[in-house]
Amino acid sequence: MAVEIPYELFGEEEEEFRRAARAFVEKELAPHAEEWERAEAFPREVMRRVGELGFFGLKYPEKYGGQAEEGREAKGILADAVLTEELAGAGSGGVAASIGAQKDLFTLYLYRFGSEEQRQRWLPPALAGEIIGALAVTEPEAGSDVAAIKTRAERVEGGYLLRGTKVFITNGAWADAVVVAARTSPGPGHEGISLFLLEAGTPGFSRRRIRTLGWRTSQTGELVFEDCFVPEENLIGEEGRGFYYLVENFVWERLVMALGAVAGAERVYRSAKEYSLTREAFGRPVGKFQSWRHRFADLVTAIEEAKRLTYHVLRLYLAGQPCLKEAAMAKAYATEVAFLAADEALQVHGGYGYMMEYPVQRAWRDARLGPIGGGTSEIMREIVARSLSA
Amino acid sequence: MVEVEARVDTTVFTPEHEALRQSLRSFVEKELAPHATEWDEAGDFPDWVFRRMGELGFLGLHYPVEYGGQGGDYFCEIVLAEEMARCESGSVAMAVEVHTDMATPPIERFGTREQKEEYLAPAIRGEKISCLGITEPGAGSDVQRISTFARRDGSDWVITGRKIFITNGVRADFCTLLARTEQGFNVFLVDKGLPGFTVARKLEKVGMRASDTAELVLDEVRVPASKVLGEEGKGFYHIMWELQGERLVGSAGMVAGAQILLDRTVAYARERKAFGVPLIRHQALAHRLADLAIRIEASRQLVYWAAWLVNKGEYPVREISMAKLSAGRLSFEVADACLQVFGAYGYSMEFPVQRAWRDARLSRIGGGTDEIMREVIGKLEGF
């Protein structure tokens, strides 16, 4: 019998899971956010803990070490959406991004496009958080324009030789395995891109950490492949289909970014509200001045719009309906609203907002990535604009 | 991932709502839209619109069958507002909305059987046209400060005061009117023909020109106690209740209007060329239109969420106020951006976009200004 998901999406089952996810985030992540951010790293143990709790595997079948019961996969996806929202409570965009890169990129590509053998081999340890994965598409000269990537995979006896450079790869600096997009034929454009699974110990593979404005713990890396041999059994899916696999995953990637952005916006709004109602100026709380009351009214309205738009996309996604345009809409709008929320929060904190001692600056720096990562706002508008002119 | 089937409620609407939408659309496109320009220029539209809509059952979509209504749910009113936006005349849509979603809901909710038979049933048939009398020269959004006064005289009430910006005020047969009393506020059902109840003037407006907007004067208008709607002294709360439904239905209409205008503008931008290529191939313009499309979808989903809460029996003042603020601002912003795309044609009185622009400006004023919405939201949020 098909799972039924109501218009309001979340029922008792989801709320129960939300409480569990929130308890974990509040007890085991949030208290360390400041320390990890300063260190620009967080322990691998955290990834194992997330795996142990089953949070990486919410949307994957039990036979690969996941949590989704057969026939109830949609419920697993819904739980994953809840987790994505709750991770905003960590107060560290970087930690949420590392967990996200594992659950929504690395493992998802293996699950959707990998062979049964690849799934059996990689999913159980990845879902347990024992190995950390990353997805490497972006290059120094090809970001949103995926078809312009230059990393090459040359066919050799028994496999391929990878040559090229990838940048801005979340989890890239500490990943044990990376799904890499490379050209298996000269092109043009979309054709001739393939996906490979590269293990970290491969000779010719080197990397460095790239420091980032926000998301400081995200282990963002630059990866260099100098004739790295990848055995042919590590080709993911069919040769030449890589671009289409990437596109197929875009909707979910954008949807989780929107979900995380809305939850982040709500969180930073709550903290700004709390502060503005305690802090006094000219004899009354700052938030009680009409100018701020109205600005907060605009802000909370925009957050509610972004939330309802994002949930609309989540419904369409769960129903299996095409929603590339809607996902682009939600991603652009939610991440922009989230940055606005963080900026307004920083403003209402005044001088404190500008100090590194207060967490609002981190929320602000973290939120700035939203309109850039996972396809810029300009690309999202381009997608929407194409749907208008088509 | 989601290869496995799930039954998901992706929309608040049922197939019955969609069927209603189709019949409304065909009526609006065939019988109303062709007259939009003519009516706007004449500064009026004929009363047959109400009677025809009554005949078709469109004026009582969510009213009980026993009074001639269709017995539908709240979403039917949302569908009505969305489809009325296609009549291309904000005036006509507004006039009908005042009748169906402002002046008559309090009768259905608070009225006696006699009042429903005398006012609601003929209003549903389109035989009696209604208006809502709240605003006064000295009190708009600040409803508490109205000064129209109802004095008790034996078992009658004698009402004196002025009401302004009253949509349908000229043509209406009766007015659902708020007045102050010794005990608080009362809502009265006041027949237009009564001695002392006169239309002082018809107001000229920037937009919404086909809708009649009146200033009404009440000079010792005597009504019996049976004309008090709802509880004596509770009139303010009755009206506050009414405002919520009005705002949400209005918001649905504004979003739908914005979508229609955007669609028209996109069609124009695909045809019209500049520098050898269609306007829509100019990226700055395409992205501006994309941005409007995003904002419209966000606003629409917020409206649907609020409507879903209402239909469930909740009274979501926060979400309704947000929807009104969102849709009202969006409505004018979209109209202005679209006027820009049409260039000098947009500025010409020969093209309909200027009318949409003028009509849309009211969205940020009528039914509670942007500023009032921000006050309500801000206060509910604790600021």
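Every value quoted in this text rests on a predicted model; they were computed, and no experiment measured them.

**Q** Whenever I open this one, the overall build of chain A confuses me. Can you help?
**A** Along its length, chain A carries 12 helices and 11 strands. Compactness check: chain A gives a C-alpha radius of gyration of 21 Å against a globular reference of 21 Å for 390 residues, within 12% of the reference. Each principal axis of the C-alpha distribution contributes one length, and for chain A these read about 80 × 50 × 50 Å. By residue count, 56% of the 390 residues in chain A fall in the buried class. Sequence separation of at least 24 residues holds for 73% of the intrachain contacts in chain A that already meet a minimum separation of 6.

**Q** How do you make sense of the confidence of the model for chain B when you look at a structure like this?
**A** One rule of thumb: low pLDDT means the predicted coordinates there are not for detailed reading. When pLDDT is averaged along chain B, the result is 96, and 99% of the positions lie at 70 or above. Listed scores for the predicted complex are pTM 0.96 and ipTM 0.94.

**Q** Explanation requested: unusual backbone geometry in the structure shown.
**A** Negative phi is the rule for most residues except glycine; trans is the rule for most peptide bonds. Its identity as a non-glycine residue notwithstanding, Leu9 of chain A has a phi of 70°, on the positive side. Tracing the backbone through its elements, the reader meets Leu9 of chain A in the loop between β1 (3–5) and α1 (12–29).

**Q** I'm lost on the nonpolar core in this one. Help?
**A** Nonpolar side chains tend to gather and get buried jointly when the protein is soluble and globular. By size, the foremost hydrophobic cluster in this structure holds 255 residues, and its most contacted members are Phe196 and Leu255 of chain A together with Phe188 of chain B. No other element matches the 17 residues that helix α7 (residues 242–278) of chain A contributes to this core.

**Q** I'm lost on the pairing of strand β4 (residues 159–169) of chain A in this one. Help?
**A** On any regular strand, side chains alternate: one points to one face of the sheet, the next to the other face. All names here are of chain A. Pairing of strand β3 (residues 152–156) with β4 involves five bridges; the strand directions are antiparallel. Of the residues in β4, the one forming a bridge with Glu154 is Leu161. Counted between consecutive antiparallel strands, the loop separating β3 from β4 contains two residues, among which Gly158 sits at a positive phi close to 75°. Inspection of the sheet shows β4 paired to strand β8 (residues 221–231) by nine bridges, in the antiparallel sense. Residue pairing for β8: Gly159 is matched across the bridge by Pro231.

**Q** I keep staring at the interface of chain B and chain A and nothing clicks. Help me out?
**A** How large an interface is tends to be reported as the accessible area lost when its parts come together. Between chain B and chain A, the contact holds 36 residues from the first and 46 residues from the second. Within the residue set of the side of chain B that touches chain A, elements represented by two or more residues are β1 (6–8), α8 (235–271), α9 (283–311), α10 (317–341) and α13 (370–380) of chain B. Here the element with the most residues in the side of chain B that touches chain A is α9 of chain B; it accounts for 14 residues.

**Q** Sorry if this is basic, but what is going on with the packing of α8 of chain B against α10 of chain B here?
**A** To characterise two packed helices, one gives the angle between the axes of the helices and the distance between these axes. Residue and element names in this part refer to chain B. Here α8 crosses α10 at 25°, and the two axes come no closer than 8 Å. On the basis of the axis angle, α8 is roughly parallel to α10. Remark: the crossing between α8 and α10 carries left-handed chirality. Per-class residue counts for the contact of α8 with α10 are 17 nonpolar, seven polar and two charged.

**Q** What's the story with helix α11 (residues 360–367) of chain A in this structure? I'm lost.
**A** Working note: α-helix, 3.6 residues per turn, so residues spaced by three or four point in the same direction. Residue and element names in this part refer to chain A. The buried count for α11 comes to six of eight residues, which makes it a mostly enclosed element. Those residues of α11 that sit buried are Val360, Arg362, Ala363, Trp364, Asp366 and Ala367. Its buried side turned inward, α11 meets α2 (33–39), α5 (93–113), α7, α9 (324–348) and α10 (350–353).

**Q** Explanation requested: the environment of Arg358 of chain B in the structure shown.
**A** Residues and elements named next belong to chain B. If you trace the backbone, Arg358 turns up in helix α12 (residues 353–360). As for Arg358 and Gly161, which are separated by 197 residues in sequence, their C-alpha atoms are 30 Å apart. The residues touching Arg358, leaving out its near neighbours within four places in the chain, are Val206 and Gly207.

Cut-off values and rules
- Starting from 1, residues in each chain are numbered consecutively following that chain's sequence as written.
- Chains carry letters and ligands carry numbers; both start at the beginning, A for chains and 1 for ligands, and go up in the order they are written.
- In keeping with the model being predicted, local features are shown solely for residues with a pLDDT of at least 70 and side-chain atom pairs are shown and tallied solely at 80 or more, while totals for entire chains, interfaces and linings include all residues.
- Per the convention used, a helix needs a DSSP run of H or I reaching at least four residues, while a strand needs a run of E reaching at least two, with both numbered from the N terminus.
- In this treatment the radius of gyration is a C-alpha quantity, and the globule benchmark scales as 2.2 Å times the residue count to the 0.38 power.
- Residue burial is a threshold on neighbouring C-beta atoms within 10 Å of the residue's own C-beta, all placed from the backbone, with 20 or more meaning buried, 12 or fewer meaning exposed, and counts in between meaning partly exposed.
- Throughout, a pair of residues is in contact if the C-beta atoms placed from their backbones lie within 7 Å.
- Confidence scores labelled pLDDT are given residue by residue by the predictor and lie between 0 and 100.
- Nonpolar cores are identified as sets of buried Ala, Val, Leu, Ile, Met, Phe, Trp, Tyr and Cys residues joined via C-beta atoms within 7 Å.
- Pairing between two strands is assigned when DSSP locates at least 2 bridges connecting them.
- Note on method: axes are straight lines fitted to C-alpha atoms, helices fitted across the in-contact stretch only, with angles between N-to-C directions ranging 0 to 180 degrees.
- What sets the label is the angle itself: under 35 degrees gives roughly parallel, over 145 gives roughly antiparallel, 65 to 115 gives roughly perpendicular, and the rest give oblique.
- Crossing handedness is defined as follows: a turn of the near helix away from the far one that is anticlockwise and smaller than a right angle gives a left-handed crossing, while the clockwise case is right-handed.
- Ten residue types, Ala, Val, Leu, Ile, Met, Phe, Trp, Tyr, Cys and Pro, are classed as nonpolar, four, Asp, Glu, Lys and Arg, as charged, and the remainder, Gly among them, as polar.

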